[in-house]
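Below, each chain spelled out in residue letters.
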Amino acid sequence: MRLLTGIAIIMIALVGSGLVLNHALQDSTRALTRQIDRVDCNVRAYQWQEAQKEIEELKKTWEQQGKWWPIFLDHQEIDNIDFSLARVKEYVAGRDYSLSLGQLSELKLIVDHIPKKEAITLKNIL
Amino acid sequence: MILIIIRTLILYIATVVFLRIMGKRQIGQLQPYELVVIIMISELAAIPMENTGIPILSGLVPIFILFASEVTLSYISLKSEKARGMISGKPSILIEKSKIMEDELKRLRYNINDLLEQLRLKNVLDINDVEFAILETSGQLSVILKSQKRPVEAQDLNLSPEYEGLPITLVIDGEIIEENLPKANVDVDWLLNELAKSGINNIKDVFFATLDSHAKLYFQPKSPGSKTK
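Residues numbered from 1 in each chain as written. Chains lettered and ligands numbered in written order. Predicted model: local features only at pLDDT ≥ 70, side-chain atom pairs only at ≥ 80, totals over all residues. Heavy atoms only, no water.

**Some points on the overall build of chain B**
- Regarding its fold elements, chain B presents seven helices and eight strands.
- Whereas a compact globule of 229 residues would reach a radius of gyration of roughly 17 Å, chain B reaches 26 Å, over 25% beyond that.
- With the C-alpha coordinates of chain B rotated into their principal frame, the extents come out at 70 × 65 × 35 Å.
- Counting every position in chain B, which comprises 229 residues, the buried fraction comes to 28%.
- Counting contacts in chain B only where the partners sit at least 6 residues apart, residues at least 24 apart contribute 48% of the total.
- A total of about 15400 Å² of accessible surface is found on chain B, and carbon and sulfur atoms cover 58% of it.
- If you average the places of the 25 positive and of the 28 negative side-chain charges in chain B, the two averages end up 4 Å apart. (Helix = DSSP H or I, 4+ residues; strand = E, 2+ residues; numbered from the N terminus. Rg over C-alpha atoms; globule rule 2.2 N^0.38 Å. Buried < 20%, exposed > 50% of the residue type's maximum accessible area, 1.4 Å probe, protein only. Contact = heavy atoms within 4.5 Å. Areas by Shrake-Rupley, 256 points an atom, 1.4 Å probe, with all protein chains shown as cover. Lys, Arg positive; Asp, Glu negative; His and termini not counted. Charge placed at Lys NZ, Arg CZ, Asp CG, Glu CD.)

Encoded structure:
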């Protein structure tokens, strides 16, 4: 009986942390997506200096928010964000309009995709 | 490389702990749902061991869930006989009074060659000698021989052998098992005295020693290469 009680407590803790994790992941993703949108706006307006500053801010946000991601998520997904971010930085530094927008779009998709993959939906279960 | 070593150790320890809590049964005596859990746990542990890109929690959490499911099913089986029947199934009589139950064999998809093989493994060569053969839920075949064919027991010869209890282990690999001394109603001095009578003056030179229910001490000294100098 003690064993069952212990298991029940751990299960509740696991389910609770799973829900908290999903929520935290969505918050992180929203923060990152907002900054990606700001970079995107600056690039569209050809404000390259502003765009570069925003990218530095985005990098800092990613380093802060993404610290705990590797504990719970596939490392390949996190590596993809790092690679994409590196490419965006170079394209913006090189003032390449099309490539910058394209890469920003890809980065946003990768970041948005992660909480969707972890969401509790029938599609993900099956 | 070091990462793989650390992750392997963590997963190994976690798996051993969970299997230890799950209880002691030999592989051949596991119920189907227990066997499934063992196989799945080993697969789940292996994946994060070899792939450092997968978080270790992706292995530990499913292992815990399987362990929790197994413990829960075991408790349900313990409390409810009906549930036990559903979860583990029921034993089936394959031979009754030397007659093979053909319908039962068909239902279980258990062919006659398998049955004969299992009987031979139990040292039964003639079906005529078998009173009952029962296929247990673990897949093992239990054979009950006819009374004329079973091995002779002391009772059959009107003998009353002396009581034989369990031998108590007193020494393992040079170390005295202190908690067993009061169970055997002896103390360290007595043990050392008895060993000294056989020329052993140092407990570290004893590999194994037990005391049976007739207060007879059996011991084996360590091989010459491993004795203390």
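**Structural notes on the sheet that holds strand β7 (residues 206-211) of chain B**
All names here are of chain B.
- With respect to topology, four strands assemble into an open sheet ordered β6-β5-β7-β8, the strand pairing being antiparallel. The open sheet has two edge strands, β6 (175-176) and β8 (217-221), and neither has a second partner.
- Bridge count between strand β5 (residues 168-172) and β6: two bridges; the pairing is antiparallel. In the sheet register, V171 faces β6, and the bridge partner there is I176. (Pairing = 2+ DSSP bridges.)

**Quick look at the nonpolar core**
- V43(A), W62(A), W69(A), I81(A), V92(A) and L107(A) are the most contacted members of the largest nonpolar core, which has 23 residues in total.
- Looking at this core, the elements with two or more residues in it are α1 (2-44), α2 (48-65), α4 (75-93) and α5 (97-118) of chain A.
- Counting residues per element, this core draws most heavily on α5(A), which supplies six residues.
- Counting residues in hydrophobic clusters, the runner-up holds 14 residues, among them I176(B), I200(B), I203(B) and L217(B). (Core = buried A, V, L, I, M, F, W, Y, C linked by side-chain atoms within 4.5 Å.)

**Structural notes on empty space enclosed by the protein**
Residue and element names in this part refer to chain A.
- All chains considered together, the criterion is met by one cavity of 30 Å³ or more.
- Counted as a void, the largest cavity has a volume near 30 Å³.
- L32, I36, L58, W62, I81, L85, L107 and V111 are the residues that line the largest cavity.
- Of all the secondary-structure elements, those providing two or more residues to the lining of the largest cavity are α1, α2, α4 and α5.
- In terms of residue class, the lining of the largest cavity is built from eight nonpolar, no polar and no charged. (1 Å grid on protein atoms, 1.4 Å probe; cavity = no way out; pocket = protein on both sides within 12 Å on 5 of 7 lines; lining within 4 Å. Points joined across faces, edges and corners; volume = space filled by probe spheres on them. Nonpolar A, V, L, I, M, F, W, Y, C, P; charged D, E, K, R; others polar.)

**Focus on the environment of H113(A)**
All names here are of chain A.
- In this fold, H113 is placed in helix α5.
- On the basis of relative accessible area, H113 is assigned to the partly exposed category, the value being 37%.
- C-alpha separation for the pair H113 and E77, spaced 36 residues apart in sequence, amounts to 9.4 Å.

**A few points about the confidence of the model for chain B**
- Summing up the model confidence of chain B, the mean pLDDT is 87 and the portion of residues at 70 or higher is 96%.
- Note on the complex model: pTM 0.72, ipTM 0.76. (pLDDT = per-residue confidence, 0-100.)

**Brief notes about the layout of surface pockets**
- Taken as a whole, the largest pocket spans an internal volume of roughly 780 Å³.
- Breaking the lining of the largest pocket down by element, the ones donating at least two residues are α1 and α5 of chain A together with α3 (57-79) of chain B.
- By residue class, the composition of the lining of the largest pocket is 15 nonpolar, four polar and four charged.

**Observations regarding the pairing of β8(B)**
Residues and elements named next belong to chain B.
- Across five bridges, β7 lies against β8 in antiparallel orientation. Bridging across to β8, T210 finds its partner in Y218.
- Linkage of β7 to β8, two consecutive antiparallel strands, is achieved through a turn of five residues, within which A215 is found at a positive phi near 60°.

**Topic: unusual backbone geometry**
Residues and elements named next belong to chain B.
- Even without being glycine, K97 reaches a positive phi, approximately 50°.
- Relative to the elements of secondary structure, K97 occurs in the loop between β1 (92-96) and β2 (99-100).
- For K97, a relative accessible area of 58% gives the class exposed.

**Observations regarding the pairing of strand β4 (residues 141-145) of chain B**
All names here are of chain B.
- Pairing of strand β3 (residues 130-135) with β4, which is carried by five bridges, proceeds in the antiparallel orientation. Across the sheet, L135 pairs through a bridge with L141, a residue of β4.
- Where β3 folds back on β4, the antiparallel hairpin that results is connected by five residues, among which G139 adopts a positive phi of roughly 100°.

**Details of the packing of α3(B) against helix α4 (residues 81-88) of chain B**
Residue and element names in this part refer to chain B.
- At their nearest, the axes of α3 and α4 sit 5 Å apart, and the two run at 130° to each other. The angle between α3 and α4 falls in the class oblique. For the pair α3 and α4, contact is made by L73, I76, S77, L78 and K79 and by E81, A83, R84, I87 and S88, respectively.
- Looking at the contact of α3 with α4 residue by residue, the classes come out as five nonpolar, two polar and three charged. (Axes fitted to C-alpha atoms, helices over the stretch in contact; angles between N-to-C directions. Parallel < 35°, antiparallel > 145°, perpendicular 65-115°, else oblique.)

**Some words on the sheet that holds β1(B)**
Residue and element names in this part refer to chain B.
- Pairing is antiparallel in the open sheet, where four strands are placed in the order β2-β1-β3-β4. Two strands lie at the open edges of the sheet, namely β2 and β4, each paired on one side alone.
- Packing against the sheet, helix α6 (residues 112-121) makes contact with β1, β2, β3 and β4, and its axis sits at approximately 65° to β4.

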